[in-house]
There are 2 protein chains.
Amino acid sequence: MNAKKIPDIIIGRLPVYLRALQHMADAGSKTTSSQELGEHVGISAAQIRKDISQFGEFGKQGTGYSIQFLIDKLREILKIDRIWDVVVIGAGDLGHALAHYNGFQNRGFRVVAIFDNDKNKVGQQIGDFKVEDSATMSERIKSLSVKIAMITVPASAAQEVTDKLVQAGIKSILNYAPVNVTVPNSVKVQYSDPATNLQRMTYYL
Amino acid sequence: MNAKKIPDIIIGRLPVYLRALQHMADAGSKTTSSQELGEHVGISAAQIRKDISQFGEFGKQGTGYSIQFLIDKLREILKIDRIWDVVVIGAGDLGHALAHYNGFQNRGFRVVAIFDNDKNKVGQQIGDFKVEDSATMSERIKSLSVKIAMITVPASAAQEVTDKLVQAGIKSILNYAPVNVTVPNSVKVQYSDPATNLQRMTYYL
DNA sequence: AATCGATTGTGTCAAATTGTACAAAATCTG
DNA sequence: CAGATTTTGTACAATTTGACACAATCGATT
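Quick caveat, the model's predicted, so the values are computed rather than measured.

Analysis parameters
Residues numbered from 1 in each chain as written. Chains lettered and ligands numbered in written order. Predicted model: local features only at pLDDT ≥ 70, side-chain atom pairs only at ≥ 80, totals over all residues. Heavy atoms only, no water. Salt bridge = Lys/Arg side-chain N within 4 Å of Asp/Glu carboxyl O. Helix = DSSP H or I, 4+ residues; strand = E, 2+ residues; numbered from the N terminus. Near = heavy atom within 4 Å. Polar contact = N/O pair within 3.5 Å; in protein donor to acceptor, adjacent residues only side chain to side chain. Nonpolar A, V, L, I, M, F, W, Y, C, P; charged D, E, K, R; others polar. Domains from an automatic or database assignment. Buried < 20%, exposed > 50% of the residue type's maximum accessible area, 1.4 Å probe, protein only. Pairing = 2+ DSSP bridges. Right-handed = clockwise from strand over helix to strand, strands pointing away. Contact = heavy atoms within 4.5 Å.

1. A few points about the pattern of salt bridges
Thought 1: The final tally for this structure, using the stated rule, is 18 salt bridges over all chains.
Thought 2: Notably, a salt bridge pairs Lys119(A) with Asp133(A), separated by 2.8 Å at the nearest N-O pair. Of the two residues, Lys119(A) is situated in the loop between strand 5 (109–116) and strand 6 (125–126) and Asp133(A) in strand 7 (residues 129–133); the sequence distance between them amounts to 14 residues.
Thought 3: Here Arg107(B) ties to Asp193(A) by a salt bridge, and the two come within 2.9 Å at their closest N and O atoms.

Structure below.
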């Protein structure tokens, strides 16, 4: 059942469904339909039913889906039915923002360390932790068994940092630096460079 | 020629090509091939050729593409052969980071104002500008003719802010808040919630 | 218990996207 | 300058993705 390969594009939509479901749950709703969920997230009801049905029969005809049940299932599928430790590389403004970001709570993630190679930043207090020296990064990541990193270093340093992260055992990278990085197939990278995101919209203006 | 409808998915790849080309140009290269560019961005050479050929015959057989020429064309296609003014809504950590972000320079964008509804933040200096009161947002956006906004407010305020932005004439929104917002068809929204981005990767761990 | 309205899960088809292959054109080499 | 090499642009095939339709099922109602 879980044997068939699920397309990336479906996996990418699940967090969006989850976010909407959590919003409904917070508002006190108990059940929803593919129709209603679709209106929330701007995706057709049929698409949502088909996406969800890849993982099992979670709905009930005539009634729809139990919101809490579906939330639990999605969290399990996405492996966020636990807390993942995350490190931030680069203690610039964006690194700071991510290090105190309180939106990770209840969404499956916890920042556990932030690194920078600038000696003036090392030791600086950011929220609950101190900026650590990049020189110690590999050791720390290995000893903490962290698998996820967010990169906010300048473009010129991103590949070098990425190589060190991969070597230290990082498997997922959220890259805010405006540059493509090369990684082995076993490592997943998502790009989130603000300027590139804006450039995707100007065509339509 | 520009009459045919270009799929969103192609438009979305163009900024990635552009970023790689600018990187090559900075490194002093004059020409490149679909092969080489593909290796940089992790996309097949055929795909790149097909994407680019949607807009004209920009390459030369045997030689490839003139990097500077292709950069100019892509900037023109994406309408970033000019500087777009952008506003930031929400002066939290992420808003701060975006307001001083220097990665917009040379990429087609310039932050011109930042707003918050918290009276304690209004008036605070951030880089070159002061945080302005949200109450004045609509007026300011209209008078500046800004078309692009980045939202960094809490999820609970995002829809209300979005409605005001749309009403003030904003046509592109980069939304960092962890919530889907509803907008008219004439407005484009991109989502960039950090937690959702991380949730897209944990499945593969 | 029979009927009715709502809603799922899925089979089928259509559309969109990507991959493959190759002729044509440009450059390079000796 | 002839032949080898490189590389584009595109026709065609394959694959992936999305839309549509509907039987099956559930709960509510009479």
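2. As for the protein's contact with DNA strand D
Thought 1: Close to DNA strand D lie 26 residues; Lys50(A), Gln61(A), Ser34(B), Arg49(B) and Tyr65(B) are nearest.
Thought 2: Sugar and phosphate atoms constitute 64% of the interface atoms of DNA strand D, taking the interface as everything within 4 Å of the protein.
Thought 3: Separating a base oxygen of DNA strand D from a side-chain N or O atom of Gln61(B) is a distance of 3.2 Å.
Thought 4: Gly62(B) is positioned with one of its backbone polar atoms (N or O) 3.1 Å from a sugar or linking oxygen of DNA strand D.
Thought 5: Breaking the surface near DNA strand D down by element, the ones donating at least two residues are helix 1 (8–26) and helix 3 (45–53) of chain A together with helix 3 (45–53), strand 2 (59–60) and strand 3 (64–66) of chain B.
Thought 6: Tallied by class, residues from the surface near DNA strand D come to five nonpolar, 13 polar and eight charged.

3. Here's the deal with the domain arrangement of chain A
Thought 1: Its domain assignment divides chain A into domain 1 (8–77) and domain 2 (84–199).
Thought 2: Placing the centre of domain 1 of chain A and that of domain 2 of chain A at their C-alpha centroids yields a distance of 31 Å.

4. Examining the pairing of strand 4 (residues 84–89) of chain A
All names here are of chain A.
Thought 1: Most of strand 4 sits inside the fold, with six of its six residues counted as buried.
Thought 2: Going residue by residue along strand 4, you find Trp-84, Val-86 and Val-88 tucked away on one face and Asp-85, Val-87 and Ile-89 tucked away on the opposite face as well.
Thought 3: Sheet topology places strand 4 next to strand 5; six bridges connect them, and they run parallel. Its bridge partner being in strand 5, Asp-85 is matched across the sheet by Arg-110.
Thought 4: A crossover connection joins strand 4 to the parallel strand 5 through helix 5 (residues 93–100); in handedness this β-α-β unit is right-handed.

5. A closer look at the environment of Lys50(A)
Residue and element names in this part refer to chain A.
Thought 1: Within the secondary structure, Lys-50 sits in helix 3.
Thought 2: Overall, the relative accessible area of 58% leaves Lys-50 in the exposed class.
Thought 3: Separated by 16 residues in the primary sequence, Lys-50 and Ser-34 place their C-alpha atoms 9.7 Å from one another.

6. What to know about the side chain of Glu132(B)
All names here are of chain B.
Thought 1: Structurally, the position occupied by Glu-132 is in strand 7 (residues 129–133).
Thought 2: Look at Glu-132 and you get buried, because its relative accessible area is 16%.
Thought 3: Excluding residues within four positions of it along the chain, Glu-132 makes contact with Ala-113, Ile-114, Phe-115, Asp-116, Val-122 and Arg-140.

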